[in-house]
Amino acid sequence: MNPRAVTSDGLADRVEARRADILRRWEARVRVLLGASPPPQHVGLPRLMDALLAALRDPDAFEAVEAFTREQGRVRSRAGADAAVLVREYGLLRDVVLDVLEEEHQVVDVAAFRALSRAIDTSLAHAVARTLDNEPPEPGLARGGLPRRLEEAQVAADELLETRRAQRERDEVREQLTRVLTHLPIVLWAMDTRGVMTLFEGEGVRSVGMDPHSLLGCSIFDIFQGREDVREASLRALAGESFTAELKLFDVWFEVRFSPVRGLHGQVTSVSGLSVDITDRRRAEEELRASETRYRLATQATRDVIWDWDPMSGIMRWSELAPRVFRIVDWGSVPASLEWWTGRIHPDERERIIQGFRAVLDGGGEDWNAEYRFLRGDGTWAVIEDRGRLVRDALARPVRMVGALQDITERRAAEEEAKRRAGFEQLLIGIVGHDLRNPISAITMAAGTLERQDTLDERGRKAVARIRSSAARAARMLRDVLDFTQARLGGGIRMEPRPVDLHDLVRQVMEEVQLAHPTRRLHVECLGDGHGVWDADRLAQVITNLVNNALSYGYPQCPVFVRTRGEAQSVVLSVHNQGPSIPPELMPHLFEPLKRAGGAQGPSQGHGLGLGLFIVKHVVDAHGGSVRVRSTEREGTSFRVALPRRLDSGLPAGPWLALDSEPG
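The sections below set out a description of the structure shown in this document. (Residues numbered from 1 in each chain as written. Predicted model: local features only at pLDDT ≥ 70, side-chain atom pairs only at ≥ 80, totals over all residues. Heavy atoms only, no water.)

Glancing now at helix α17 (residues 502-516). The end-to-end C-alpha distance of α17 is 21 Å, a good match for the 21 Å that 15 residues give at a rise of 1.5 Å each. Residues of α17 that are buried include every one of L502, H503, L505, V506, V509, M510 and V513, and no others. Buried residues in α17, looked at end-on, bunch into an arc of 155 degrees, giving them a common side. Opposite its buried face, α17 presents the exposed residues E511 and L515, each directed more than 90 degrees away. For α17, the N-terminal capping position is held by D501, with its side-chain oxygen 3.0 Å away from the main-chain nitrogen of H503. (Helix = DSSP H or I, 4+ residues; strand = E, 2+ residues; numbered from the N terminus. Expected span 1.5 Å × (residues − 1). Buried < 20%, exposed > 50% of the residue type's maximum accessible area, 1.4 Å probe, protein only. Arc of directions from axis to C-beta. Polar contact = N/O pair within 3.5 Å; in protein donor to acceptor, adjacent residues only side chain to side chain.)

Structure follows, in structure tokens:
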């Protein structure tokens, strides 16, 4: 997010909008500070607020701020307030303004933050400094009714007493100011027309680890030799220019006020100044800039458009990616409001989105998400996936909502195209499967009829047997294609479970396979209870596919072993053949469609469509079971199928594929 930061003018507007609230809070905190109601002289606080606002809007108005705060310092001092109280009062003002901005979740521009601090710090410095030159109260009136000479003597005595009291008050004020200055991060300094330091006091001197008297009598050009910025600033001040600059002196950042002092004829006789330690402020500004940079880079690195909505003001801010995603050229003219966003939602969906958004706000929720169509700048509609997080205060009131949206138009279009293709493929394969089933059945029946004729010689019988074997293989391939289509496009293979004895089913299937492969050796072993509730036809398909796979990729001279074993809650089927191991790189993809189990040197590579193991996995998954495979060059290849006796038996779930292969 790149929120629009509050500039100096914007900061002045926000402070002026909350002026009454700021004055009320300030007065309440001053009352706590003084322990009673504020004195009548505090009626000048609204005028001070006006002066600060003027300084924020116009840097040239600082002279008016200085004039007013000098007068305010004189009035407050004569009312009995010491310099320490003034420091606390101005510090409370700064705290109140920052608290208000924080409550409004405003991001303050660095320049605006600096202007606010400068206005308050400058006002404080002049208010405190004015107490040094505070005029004494007016002397008491002469007593009436006394002889003239006695009256004159009395007046002289009163004047003497008043002078001494005023001097004592000045000394006390100076002492108080000195005590305050020793605790403030400031430096009071002065130099003559040659640049020689004549004054160097304040806590700011000690903060840099220096003796306040160590620089007296030294030239500023020698102290900061090689520092062109300090030299240039000093020459400007000696030339009669008043200004403020930020300088890094002795590894500490100061805001330095240069004030030329002029003689009777207007010539510069010296330069005095006030330096305020702003190291913490500069560090905060650097952190603010770094944080802003990180946030901007983060928003640029994502494809999401980040938005930030303020429920109190109704302002909605967008990240830098928004103009490109929304295809809006004149982004600067876009209103920063929630109404602009809702106004561009498709009319058919707008009411639904607004109601859902409002339900989260009013219902105490925190998370909101929706999908809707949004009008782009070029007139096209984008499909938007949107989500937001609502932040509430201690009273559960919405104070901020931040979210991210993404243009998923292309993704939705691709999904629709995929659905369309899937529907077409399913229809096509269904038609092809139906049309091929009849001729294959006709071929099988014709081959059976020919086999029963006694006129066939040995050569004819072999030819008919090949025809029947090819037709059977074509039928299996067709069945696998139809099952593949059903599994991928139709939501899974349909099951019709009924009580089955897996031992009997394995023996029956193995007899059929043996007839199809009379020259191969098949060994069947059944142990334990083989009863369960399964789809017998689908399990026969699993057994057939696994055994045919073993026959295809095993050594012809080696037998294929098929074992079933009843356990407590499941029945295990295993098929083992001796032959080349399955390559390790193929193991993770073994049960994917169009993949073959054999190695690069498998004896019968190229048979089938590569759908057999895919069908095996889906049938076993549909029964709630698992398939494991182990293949090594030494031990051969074994497929192990574990079937729960009932679909709802709740066997512990485990990995359906265990990889265990060693190089041959």
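Turning next to the packing of aromatic side chains. Summed over the entire model, instances satisfying the criterion amount to 17 aromatic pairs. The side chain of R236 reaches across the aromatic face of F243, ending 3.8 Å from its centre. In this structure, R282 packs its charged tip against the face of W253, placed 3.6 Å from the ring centre. (Phe/Tyr/Trp six-rings, centres within 6.5 Å; stacked < 30°, edge-to-face > 60°. Lys NZ or Arg CZ within 6 Å of the ring centre and 35° of its normal.)

With that settled, the discussion passes to the environment of V506. With respect to the helices and strands, V506 occurs in helix α17. In this structure the C-alpha to C-alpha distance between V506 and L539, which are 33 residues apart in sequence, comes to 9.0 Å. In contact with V506, other than residues within four places in its own chain, are V524, I543, V562, T564 and L573. (Contact = heavy atoms within 4.5 Å.)

Moving on, we come to empty space enclosed by the protein. This model, assessed by the stated rule, comprises 4 cavities of 30 Å³ or more. As for the largest cavity, its lining consists of 20 residues, of which W189, F200, F224, L249 and S275 are closest to the centre. No other element matches strand β4 (residues 252-262), which puts 3 residues into the lining of the largest cavity. In the lining of the largest cavity, the residues fall into 17 nonpolar, 3 polar and no charged. (1 Å grid on protein atoms, 1.4 Å probe; cavity = no way out; pocket = protein on both sides within 12 Å on 5 of 7 lines; lining within 4 Å. Points joined across faces, edges and corners; volume = space filled by probe spheres on them. Nonpolar A, V, L, I, M, F, W, Y, C, P; charged D, E, K, R; others polar.)

Turning our eyes to something else, we now look at the sheet that holds strand β5 (residues 268-277). A sheet is described by the order of its strands in space; here 5 strands give the open sequence β2-β1-β5-β4-β3, paired in antiparallel fashion. If you trace the sheet from one side to the other, it starts and ends with β2 (197-201) and β3 (243-249), each paired once. Put simply, the sheet's adjacent strands are angled 20 degrees from each other on average, direction ignored. Of the strand pairs in this sheet, strand β1 (residues 186-192) and β5 are connected by 7 bridges, and their pairing is antiparallel. The residue bridging V187 from the neighbouring strand is S275, located in β5. Against the sheet, helix α10 (residues 228-238) engages β1, β3, β4 and β5, with an angle of about 150 degrees to β3. (Pairing = 2+ DSSP bridges. Axes fitted to C-alpha atoms, helices over the stretch in contact; angles between N-to-C directions.)

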